[in-house]
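Structural description and commentary
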Amino acid sequence: MPYRKQSIRTLSDYAKIEIRKYINTMELQQNNKLPREELLAEIIGVSRITIRQALNDLAAQGIVFRRQGKGTFVNVDSLNIRIHFNPCMEFSQIIRNSGYQPSVILGDVKQAAYDEEICTMLHMEKDEILILAEKIFLADGQFCVFCRDYFSATQLGGTNALSEFSQYEASVFQYVYQVSGKKCEWDKVEIDTILSSDIEGLAGYLKEQELPNMPLLYLKGVNYMSDSTPVLYANEYINTKIIKYNMIRKKNIAYLP
């Protein structure tokens, strides 16, 4: 088995989890105001600075909103959202949250032809080998997501790990973490749409009757470690009849006087 580094969670991450647990105990229909930062810090057992960072992160996600001089309040509407566009989860969990049972079809894992654009985005050296991995996620047996990921063979521990990785049903992020202890923290994606019939190679993994020609959400972009090191270039084709993303957006409108 690959080496697995012990999981390390920041205090801010811990505080966010504990605040979410506290929110679950609240009678939100009667009162959606959170305790003061000092009291939350005492309840959770962290510093006020940590609580403030956690609340700011939750506010950025739309889970709470902060009113100057009045306090922090739970955004009750956000708690009814099962699938967030940001932060994103692994597809198996997204499918479960959507009310379906996930399953996986393992596709090709192989050395890809050299692609200067992708290798440049991933900051790969000229002697590094580019790997292509394909995977299909099903929801109750229905086509849900097709993933086509590119990354350096060094992320797997070398090309000798291809055979083992080709049988790995969990996400490539989990595998990289098991090998190196490195976590993918954020990504930068371009959003588009595409017809399933325009995706090369997809039909070969599925029976014709399982894949009618349909519009899919197409996400493509680079995934990064916490130190902004690129780790993976992902192409994700998503059936939005099954996965329905939601997000709460802050408004930035230039109102005229």
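So, how was this worked out
- Residues numbered from 1 in each chain as written.
- Predicted model: local features only at pLDDT ≥ 70, side-chain atom pairs only at ≥ 80, totals over all residues.
- Heavy atoms only, no water.
- Helix = DSSP H or I, 4+ residues; strand = E, 2+ residues; numbered from the N terminus.
- Buried < 20%, exposed > 50% of the residue type's maximum accessible area, 1.4 Å probe, protein only.
- Contact = heavy atoms within 4.5 Å.
- Areas by Shrake-Rupley, 256 points an atom, 1.4 Å probe, with all protein chains shown as cover.
- Lys, Arg positive; Asp, Glu negative; His and termini not counted.
- Charge placed at Lys NZ, Arg CZ, Asp CG, Glu CD.
- Phe/Tyr/Trp six-rings, centres within 6.5 Å; stacked < 30°, edge-to-face > 60°.
- Core = buried A, V, L, I, M, F, W, Y, C linked by side-chain atoms within 4.5 Å.
- 1 Å grid on protein atoms, 1.4 Å probe; cavity = no way out; pocket = protein on both sides within 12 Å on 5 of 7 lines; lining within 4 Å.
- Points joined across faces, edges and corners; volume = space filled by probe spheres on them.
- Nonpolar A, V, L, I, M, F, W, Y, C, P; charged D, E, K, R; others polar.
- Pairing = 2+ DSSP bridges.
- pLDDT = per-residue confidence, 0-100.
- Axes fitted to C-alpha atoms, helices over the stretch in contact; angles between N-to-C directions.

All right, on to the overall build of the protein chain then. A tally of regular secondary structure across the protein chain gives seven helices and eight strands. Overall size of the protein chain, expressed as C-alpha extent along the three principal axes, is 60 × 45 × 40 Å. Relative to its 257 residues, the protein chain shows a buried fraction of 42%. Restricting the contact set of the protein chain to residue pairs at least 6 apart, pairs at least 24 apart contribute 60%. Approximately 15700 Å² of the protein chain is accessible, and the part contributed by carbon and sulfur atoms is 47%. Averaging the locations of the 29 positively and 31 negatively charged side chains of the protein chain gives two centres separated by 10 Å.

So, about the packing of aromatic side chains. On inspection of all chains with the given rule, the structure shows eleven aromatic pairs. On the basis of an interplanar angle of 20° and a centroid distance of 5.8 Å, the ring pair of F146 and Y237 is categorised as stacked. With a gap of 91 residues between them, F146 in strand 5 (residues 142–152) and Y237 in strand 8 (residues 230–238) connect regions that are remote in the sequence. Residue class for F146 comes out buried when judged on its relative accessible area of 0%. Classification of Y237 as buried rests on a relative accessible area of 5%. Clustering of aromatic rings is evident, with ring pairs tying together F146, Y205, Y218 and Y237.

A separate point is the nonpolar core. I19, I23, L34, I51 and V64 are the most contacted members of the largest nonpolar core, which has 18 residues in total. Contributions of two or more residues to this core are made by helix 1 (11–24), helix 2 (37–44) and helix 3 (48–60). Residue contributions to this core peak at five residues, all from helix 3. Other than its neighbours up to four places away in sequence, V64 contacts I23, L34, L55, L58, A59, T72, F73, V74 and N75. Residues A133, F165, M225 and V231 belong to the second largest nonpolar core, which totals 16 residues.

In this section: the layout of surface pockets. Over the atoms, a rolled probe matching the size of one water molecule traces out where space is still vacant. By volume, the second largest pocket is sized at about 280 Å³. Elements supplying a minimum of two residues to the lining of the second largest pocket: helix 5 (116–121), strand 6 (184–195), strand 7 (215–225) and strand 8. Looking at which element gives the most residues to the lining of the second largest pocket, the answer is strand 7, with four residues. Split into classes, the residues belonging to the lining of the second largest pocket amount to nine nonpolar, two polar and five charged.

Quick look at the pairing of strand 5 now. In terms of burial, strand 5 is a largely internal element, ten of the eleven residues being buried. In terms of strand pairing, strand 4 (residues 130–139) meets strand 5 through ten bridges, oriented antiparallel. Following the sheet pairing, A133 is matched in strand 5 by D149. Between the antiparallel neighbours strand 4 and strand 5 lie two residues, among them D140 with a positive phi of about 50°. Two elements, strand 5 and strand 8, share six bridges in a ladder whose sense is antiparallel. Considered in strand 8, the bridge of R148 is made with N235.

So, about the confidence of the model for the protein chain. The predicted model of the protein chain averages 86 in pLDDT, with 93% of residues at 70 or higher. Low pLDDT, under 50, characterises residues 1–8; the predicted model gives this stretch 16 contacts beyond four residues in sequence or across chains.

The next point concerns unusual backbone geometry. Outside of glycine, negative phi angles account for most residues, and trans bonds account for most peptide bonds. A positive phi is found at D140, a non-glycine position, where the angle reads about 50°. Mapped onto the elements, D140 comes out in the loop between strand 4 and strand 5. We classify D140 as partly exposed; its relative accessible area is 48%.

Taken in spatial order, the six strands make up an open sheet running 3-4-5-8-7-6, and their pairing is antiparallel. Every other strand in the sheet has two partners, leaving strand 3 (102–111) and strand 6 as the edge strands with one partner each. Taken over all neighbouring pairs, the strand axes of this sheet differ in orientation by 15° on average, direction set aside. Contacts from helix 7 (residues 172–180) reach strand 5, strand 6, strand 7 and strand 8 within the one sheet, and its direction differs from that of strand 8 by about 160°.

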